[in-house]
Amino acid sequence: MKYKELGKTGEKISVIGLGAWQAGLKSWGKDYTLEDVLKALETGIEMGINLIDTAEIYGNGRSESVIGSLVAEYRDRVFIATKVAGYNATPRGVWKAAERSRRRLKVEVIDLYQVHWPPSIYTSIPKLAREMERLVDKGVIRYIGLSNFGLKNMMRFREALRRHDIVSNQLQYNLLYRVVEKEIYPYMMSEKIELIAWSPIAKGALAGKTKADNIARRMDAVFDRARRANNLLNLLREIAEKHRCKMHQVALAWLISKGAIPIPGVKRPSQAKENAEAANITLTKTEIEQLDKASEKFTEGSLGELMPRIIPNWLQKIAIILMGGV
Ligand SMILES: NC(=O)c1ccc[n+]([C@@H]2O[C@H](COP(=O)([O-])OP(=O)(O)OC[C@H]3O[C@@H](n4cnc5c(N)ncnc54)[C@H](OP(=O)(O)O)[C@@H]3O)[C@@H](O)[C@H]2O)c1
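Below is a summary of the structure that appears in this document. Note that this is a predicted model, so its numbers are computed, not measured. (Residues numbered from 1 in each chain as written. Predicted model: local features only at pLDDT ≥ 70, side-chain atom pairs only at ≥ 80, totals over all residues.)

1. Quick word on the site of the ligand
In the neighbourhood of the ligand, 29 residues make up the surrounding shell, with Gly19, Trp21, Trp198, Gly204 and Gly265 lying closest. Here the shell around the ligand gets three residues from one element, more than from any other, and that element is helix α10 (residues 269-277). Of the residues that constitute the shell around the ligand, the class distribution is twelve nonpolar, twelve polar and five charged. (Near = placed C-beta within 6 Å. Helix = DSSP H or I, 4+ residues; strand = E, 2+ residues; numbered from the N terminus. Nonpolar A, V, L, I, M, F, W, Y, C, P; charged D, E, K, R; others polar.)

2. Comments concerning unusual backbone geometry
Positioned with a positive phi, asparagine 60 is a non-glycine residue whose angle comes to about 55°. Note that asparagine 60 resides in the loop between β4 (51-53) and α2 (62-74). The exposure class assigned to asparagine 60 is partly exposed, which follows from the 17 C-beta atoms found within 10 Å. In the Ramachandran plot, arginine 244 falls in the positive-phi region, its phi being about 50° despite a non-glycine side chain. Tracing the sequence through the fold places arginine 244 in the loop between α8 (230-243) and α9 (247-257). Classification of arginine 244 as exposed rests on a count of 8 C-beta atoms within 10 Å. (Buried ≥ 20, exposed ≤ 12 C-beta atoms within 10 Å, placed from the backbone.)

3. Focus on the sheet that holds strand β9 (residues 194-198)
The strand order across the open sheet formed by eight strands is β3-β4-β5-β6-β7-β8-β9-β10, and the pairing between neighbours is parallel. Every other strand in the sheet has two partners, leaving β3 (18-19) and β10 (261-262) as the edge strands with one partner each. Bridging between strand β6 (residues 110-115) and strand β7 (residues 141-147) involves five bridges; their strand directions are parallel. Opposite tyrosine 113, over in β7, you have isoleucine 144 as the bridge partner. (Pairing = 2+ DSSP bridges.)

4. Re the packing of helix α1 (residues 34-46) against α2
At a closest axis distance of 11 Å, the pairing of α1 and α2 adopts a crossing angle of 40°. Taken together, the axes of α1 and α2 are oblique relative to one another. In this structure, the crossing between α1 and α2 has a hand that is right-handed. From α1, Leu34, Val37, Leu38, Leu41, Glu42 and Ile45 reach across to α2, where they touch Val66, Leu70 and Tyr74. Split into classes, the residues belonging to the contact of α1 with α2 amount to eight nonpolar, no polar and one charged. (Axes fitted to C-alpha atoms, helices over the stretch in contact; angles between N-to-C directions. Parallel < 35°, antiparallel > 145°, perpendicular 65-115°, else oblique. Left-handed = near helix turned anticlockwise from the far one by under 90°. Contact = placed C-beta atoms within 7 Å.)

The structure is reproduced here in structure tokens:
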């Protein structure tokens, strides 16, 4: 495995992480079991991956509990990133949410605590930012991260901080969705704020999957974009053949070449193994340029803020609770 520094923290993080939304066993179909996903996470860790990404809403806490069940054995080998849901991201709400996450994860301190999406407009972003700092001061969390924050909101959050900067912003980034490259990513790079790339294989579309056979895929239009990307998919296959690997491994290597940390979601040990191996693939300059060109049209569009900020927190919360998490 290859490692890099996480932002400006001095923490040594694997260049690829493990996405644990699938460990919530809720939105990703019924073609795998708890045992599969546990083994997948263990395989990834055994292969040197030390970043695990989860969230309180994945399976309504189940994903965090699954990780918690591995903590006794692996605590010193993993850097755990979880997320507070946007509707709980209020000055008071973050304390309670962090406590629940700590309990499920069975950890004293949460390594990276990310605000999953910007809170509704009725919550003050500067006040939230300062409360997150207090969570660091009190030893509840080690680092502050954001997720799905556009440039303006990310800057407002940062400006309010006095003692601890954010270390990362987790955004959708893959060959079928490159909107981050236009504005926010160049800024993050210049400030050494890490980009953690969610849906790095476009929910499986970049692994050649075509059936929107679960809720997670149906919820995200990016999965369908593969239909408009035959040239790109053919190029991925061609490059994969040269490297004797699989197309999604090339898609992951491309993200690593851009300096982002992909966190592909895994259900099975074989997936975790393949994804970890992608860290060893070095694409040539020409291959990167070819992939850039073939996916150029996907740089267009605006950065989706995932949840409209005009929906009050309580309404967002009820909707997600009624769904039983995502
Ligand atoms: N911050 C946010 O708002 C946000 C949003 C979404 C996701 N995330 C995080 O990012 C992680 C990754 O995103 P994602 O799960 O949405 O999408 P993804 O990683 O692009 O796709 C995951 C799917 O790709 C397939 N896959 C993974 N490895 C594979 C392999 N080696 N070979 C073949 N297929 C493979 C699996 O499909 P099958 O199901 O067909 O096996 C898997 O369920 C999540 O787990 C979560 O931690 C964060």
